[in-house]
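# Chain and residue survey
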Amino acid sequence: MVKKLCLLAACCMLLSPASQASNPKLIVVISIDQFRYDYLVRFRPYFGKQGFNYLLEHGANFVNASFKHAVNTTGPGHAAMLSGTYANANGIIANDWYDRETKQWVYCVADPGVSLVGAQGAGRSPRNFIGSTIGDELRLRTGFRAKVISIANKDRAAILMAGKMPSGVFWVNDSMFVTSTYYMNDLPNWVKKLNQSRYIDSFFGKVWNKALPDTAYASVDDDDVPYEADYDGSGRTFPHKIVGTDSTRITPSYYASLARSPFGAELIKEFAQRAIDAERLGQRGITDMLCVGFSSQDIVGHAYGPHSVEVMDFVVRMDAMLADFFAFLNRRVGLDRCLLVLTADHGIAPIPAYIKRHHRSADVGKVSLDSLWKFCYRVLTQRFGAPPEGDWIDAIEGNNIYLRRTNFPHLKTPTLEWAASELADSLRSFHPIAAAYTSHHLLSIKDETPLARKMKRSFHGRRSGDVLYALKPFWVEGGKASGTTHGEPYEYDAHVPLILVGEGIRKGRYATEASPVDLAPTLSVLLGVEFPAGREGRVLVEALR
């Protein structure tokens, strides 16, 4: 009995957030936007020793880590990874949603009550995020002495990783690194100095060439194919000159071209290194935290697809950038004093035309929101006649369909629930649709399929639509043949890296089921801080020493 009690006590100590298994000087969470797990496998022969391979060889690599929600986009992914919660708890159901009360669109990090700092533009904050992150809990645990700083190309990536109470959050706005008055009223001097140097503009005219010999790209698609997109003048083929649509001067298209290149990631690496020096992160006798979001991979993948020369080349260059960054960390802090994390917010679907090129009869394709809207209108009109006012639908976004509720009190027979049910039933017969659920169904179902559970995790009662749907595998949303996207519940959109390296971590390759939402509770145990509010993820006990 005594032995059993001792064993039980030891297990409780391991799992309790009050226990402190390690004391790293700096936690570095790296999120590479739209980074599918299979990139680590497919492109590993071309990696050096000190980038991705450093993580793979020294860390706990969870090869079976997937998001367990349905809407795999940037906002929900970054909101989940350091809060340990999904949209049903944290409220970030998509990048954008429709607010029925105001009858306006809501951007996930929009905040009309704050202003941009460092440039002109709309204010941004975590106002719409519900809950806390591991960074918030670290700040509380240390009496706000720990610094938590988050940076990314995208505002929503930087903001949602950081949580409610960070020391500073910064992102790229055209030629400037910016923040908002939610965090501070003025930029730190070191950020001002970098902006004054016009560092972001210094990449104008640079050329993105292939990093490897042509023969190395034999396993990916041809470089010049019509289903790749040229959104900003960078072209479909190598070399890509970073000028935008005007080679004589800097225009807004230059900043889009820069973001859709490895140079966009270089911006973030440089800024992260300056933040470490200026804020003395990991060098102050207390555990600090740095969240780094490399967003350019996402923009490259949307244009060229996951089987393109561009994506392969970007990943190889990202490997070299990480090697440089880790070397910098070793000089400033010491890698043995850091806890490193690599993950991603979502993956990406293959370009349907790429699959069609190799298998003409494959059931793949694109569906436009316009065609989906017309289908819904036709179904509801056939059931209930012409809408009393305007349209049957207010909005379709993020796999949510918002019915125009003001129309239904005017009809004698149907209720809103009945209309939503009729629409969901009909949508299941629409060829690109795999599943459709009403909000009432998601709130009440108990015997659930895996897909229904994912849909339920992406559902929030005050923000989601009346009907939620999922497309069939390898079908994507879009009206053009070129490019691709993400946002569905399937593994190509959900399966991402989850690697931890550092003190207290047992290195190895783990095939147990895991998710990025497990990251926050695991860090809580390692750091001896409270779990984030409402956390749903588990502690990755198999990787704890």
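Structural notes, computed from the coordinates. (Residues numbered from 1 in each chain as written. Predicted model: local features only at pLDDT ≥ 70, side-chain atom pairs only at ≥ 80, totals over all residues. Heavy atoms only, no water.)

### A look at the layout of surface pockets
In this structure, the largest pocket occupies an estimated 580 Å³ of space. As for the largest pocket, its lining consists of 30 residues, and the residues nearest its centre are Thr 73, Asn 95, His 302, Thr 485 and His 486. Counting only elements with at least two residues in the lining of the largest pocket, the list comes to α11 (296–304), α14 (369–384), β18 (467–471) and β19 (475–477). Its residues assigned to classes, the lining of the largest pocket shows eleven nonpolar, eleven polar and eight charged. Space inside the second largest pocket adds up to approximately 440 Å³. Taken together, 16 residues make up the lining of the second largest pocket; nearest its centre are Trp 97, Asp 99, Val 106, Arg 127 and Asn 128. Elements represented by at least two residues in the lining of the second largest pocket include exactly β3 (96–99), β4 (104–107) and β5 (110–117). Per element, the largest residue contribution to the lining of the second largest pocket is four residues, and it comes from β4. Looking at the lining of the second largest pocket, its residues break down into seven nonpolar, three polar and six charged. (1 Å grid on protein atoms, 1.4 Å probe; cavity = no way out; pocket = protein on both sides within 12 Å on 5 of 7 lines; lining within 4 Å. Points joined across faces, edges and corners; volume = space filled by probe spheres on them. Helix = DSSP H or I, 4+ residues; strand = E, 2+ residues; numbered from the N terminus. Nonpolar A, V, L, I, M, F, W, Y, C, P; charged D, E, K, R; others polar.)

### Brief notes about the packing of helix α4 (residues 74–81) against helix α7 (residues 155–162)
For the pair α4 and α7, interaxial distance at closest approach is 7 Å and the crossing angle is 25 degrees. Between α4 and α7, the interaxial angle falls into the category roughly parallel. As α4 runs across α7, the sense of the crossing is right-handed. Of the residues in α7, those in contact with Thr 74, Gly 75, His 78, Ala 79 and Met 81 of α4 are Arg 156, Ala 157, Leu 160 and Met 161. Split by residue class, the contact of α4 with α7 holds five nonpolar, three polar and one charged. (Axes fitted to C-alpha atoms, helices over the stretch in contact; angles between N-to-C directions. Parallel < 35°, antiparallel > 145°, perpendicular 65-115°, else oblique. Left-handed = near helix turned anticlockwise from the far one by under 90°. Contact = heavy atoms within 4.5 Å.)

### Describing the pattern of salt bridges
Per the stated rule, a full pass over the model turns up 30 salt bridges. Close ionic contact of Lys 154 with Asp 298 constitutes a salt bridge, the shortest N to O distance being 2.9 Å. In this pair, Lys 154 is assigned in the loop between β7 (148–152) and α7 and Asp 298 in helix α11, connecting sequence segments 144 residues apart. Here Lys 154 falls in the buried class, since its relative accessible area comes to 12%. Notably, a salt bridge pairs Arg 249 with Asp 246, separated by 3.1 Å at the nearest N-O pair. Several salt bridges share partner residues, and in doing so they unite Asp 33, Lys 154 and Asp 298 into one network. (Salt bridge = Lys/Arg side-chain N within 4 Å of Asp/Glu carboxyl O. Buried < 20%, exposed > 50% of the residue type's maximum accessible area, 1.4 Å probe, protein only.)

### A few points about helix α19 (residues 519–527)
Among the nine residues of α19, nine are classified as buried, and the element is accordingly described as predominantly covered. For α19, the complete set of buried residues consists of Leu 519, Ala 520, Pro 521, Thr 522, Leu 523, Ser 524, Val 525, Leu 526 and Leu 527. Immediately downstream of α19, the backbone of Gly 528 shows phi near 70 degrees, a positive value.

### Digging into the side chain of Arg 139
Here Arg 139 shows up in helix α6 (residues 134–141). Buried within the structure, Arg 139 lacks any salt-bridge partner; its nearest side chain of opposite charge belongs to Asp 136, at an N-O separation of 6.6 Å. Among the polar contacts made by the side chain of Arg 139, one reaches the main-chain carbonyl oxygen of Met 165 at a distance of 2.9 Å. At 3.3 Å, the side chain of Arg 139 forms a polar contact with the side chain of Ser 167. When sequence neighbours within four positions are dropped, the list of residues in contact with Arg 139 reads Phe 144, Ala 146, Val 148, Met 165, Pro 166 and Ser 167. (Lys, Arg positive; Asp, Glu negative; His and termini not counted. Polar contact = N/O pair within 3.5 Å; in protein donor to acceptor, adjacent residues only side chain to side chain.)

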